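Topology and contacts: notes
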Amino acid sequence: MIPPAFEYHRPTDLASAVSVLQEHGDEARCLAGGHSLIPMMKLRMAAVEHLVDLQDIAELREIRVEGGRVTLGAMVTQHALITSDALASAAPLLREAAEQIADPQVRYMGTVGGNVANGDPGNDMPGLMQALDASFTLMGPDGTREVAARDFFEGAYTTTREDEEILTQIAFDAHAKGYAYEKQKRKIGDYATAAAAVLIEKDGTVAGKVDIAMTNLSDTPVYSAAAGAALVGTSCDAEAVKAAVTAMLEDIDPMPDNRGPVEFKRHVAGVILGRAIARAWSRA
Ligand code: FAD
């Protein structure tokens, strides 16, 4: 399939990119890795008259780890998440998740910004960012604003980002221990049937702080505060894990599709969360 004609813009700075978006409103879209947008255009499911390619804006490719805070430019690729030495020690959860996304070809092009900005409930980074309590920086004609990952996703392919805003960076606290990303998929390269991101900080011998987010089990990622709370003060024993799974199942709302009926998805979600908790606890 060939997409309809469009005008191609390739700004070298953020201000110029924002001004193209401002000028053309909902007729313009950012182009990051293109792995979601280009197929949508070819299938004529997305009509884009002005494509604003972000690849020449160098600052969007930066990875910084400073003072216990990790900052990723929106154009950091999934390949870079896997190969960055700084991230391997400051945010190993990212590598564990990125290695489970698609295949090397997709990961060389697909970006962390495109993965979250797209608002696809099947994407792995949104839930991960909610577990990390990440903050997204959006730049528009009136300056920048911060939106918490837990407030960003409104529905399938719908986020709080305005048409003329660019997601420029993602920031979260570094973590070294107590992490796991567990994903069930039908085959290599597939999106999740269910996935769980778990972060556990120990307080002495028990779990002190726990963050849990689930992927592809609702039309947005699901941060389950109740599931995390069920583990706090426990040693993540079988009873506590069962309580966390029960709480998580209250928060998700899967739809039947070619990955299975609702009951199957709920079953898989429970198994996946149990495995993720066990691995995160073993590393805490
Ligand atoms: P693009 O396709 O360029 O953009 C996607 C959307 O986000 C567009 O609407 C664009 O305008 C907008 N956008 C992009 N960047 C910005 C920005 N900085 N500011 C504002 N808006 C922006 N992902 C997973 O998580 N898990 C998987 O298992 C998985 N499997 C895949 C399998 C295949 C075969 C393919 C093709 C893709 C798969 N993906 C998967 C998605 C892929 O990993 C990319 O993350 C995804 O395509 C979006 O990133 P991108 O950089 O390609 O964004």
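This text follows the structure it describes.
Summarised in this report is the structure supplied together with it. Computed from a prediction, not measured in an experiment: that's the story for all the values here.

Moving on: the environment of Glu164. Relative to the helices and strands, Glu164 is located in the loop between β9 (158-159) and β10 (166-173). Judged by relative accessible area, which is 28%, Glu164 ranks as partly exposed. Through-space distance from the C-alpha of Glu164 to that of Asn118 is 15 Å; in sequence the pair is 46 residues apart. Not counting the four nearest positions on each side in its chain, Glu164 is found in contact with Val18, Leu21, Gln22, Met139, Gly140 and Pro141.

A word on the nonpolar core. Membership of the largest hydrophobic core comes to 40 residues, with the highest contact counts inside it found for Leu94, Met125, Met129, Phe136 and Phe172. Counting residues domain by domain, this core receives three or more from each of domain 2 (60-173) and domain 3 (179-184 + 192-283). Ignoring any residue separated from it by four or fewer positions in sequence, one finds Leu94 in contact with Leu72, Leu81, Leu87, Met125, Leu128, Met129, Leu132 and Phe172. By size, the runner-up hydrophobic cluster in this structure holds 29 residues, among which are Val210, Ile272, Ile277 and Trp281.

In this section: helix α12 (residues 262-283). The end-to-end C-alpha distance of α12, which contains 22 residues, comes to 32 Å, matching closely the 32 Å that a straight helix rising 1.5 Å per residue would cover. Listed in full, the buried residues belonging to α12 are Lys265, Val268, Ala269, Gly270, Ile272, Leu273, Gly274, Ala276, Ile277, Ala280 and Trp281. Packing partners of the buried residues in α12 comprise β11 (179-185), β12 (192-203), β13 (206-215), α10 (225-231) and α11 (238-251).

Attention shifts here to the sheet that holds β13. The strand order β11-β12-β13-β14 describes an open sheet built from four strands, whose pairing is antiparallel. Bordering the open sheet on either side are β11 and β14 (222-223), each of which pairs with just one other strand. By the bridge criterion, seven bridges tie β11 to β12 in an arrangement that is antiparallel. Residue pairing in the sheet places Tyr181 in a bridge with Ala197 of β12. Running at roughly 30° to β12, α12 makes contact with β11, β12 and β13 of the sheet.

Attention shifts here to the side chain of His50. Within the secondary structure, His50 sits in strand β3 (residues 50-53). By relative accessible area, which is 8% here, His50 ends up buried. At a separation of 3.2 Å, a polar atom in the side chain of His50 contacts the side chain of His24. With near-sequence residues (within four places) excluded, His50 lies in contact with Glu7, His9, His24, Glu27, Ala28 and Arg29.

Definitions and limits used
- Residues numbered from 1 in each chain as written.
- Predicted model: local features only at pLDDT ≥ 70, side-chain atom pairs only at ≥ 80, totals over all residues.
- Heavy atoms only, no water.
- Helix = DSSP H or I, 4+ residues; strand = E, 2+ residues; numbered from the N terminus.
- Buried < 20%, exposed > 50% of the residue type's maximum accessible area, 1.4 Å probe, protein only.
- Contact = heavy atoms within 4.5 Å.
- Core = buried A, V, L, I, M, F, W, Y, C linked by side-chain atoms within 4.5 Å.
- Domains from an automatic or database assignment.
- Expected span 1.5 Å × (residues − 1).
- Pairing = 2+ DSSP bridges.
- Axes fitted to C-alpha atoms, helices over the stretch in contact; angles between N-to-C directions.
- Polar contact = N/O pair within 3.5 Å; in protein donor to acceptor, adjacent residues only side chain to side chain.

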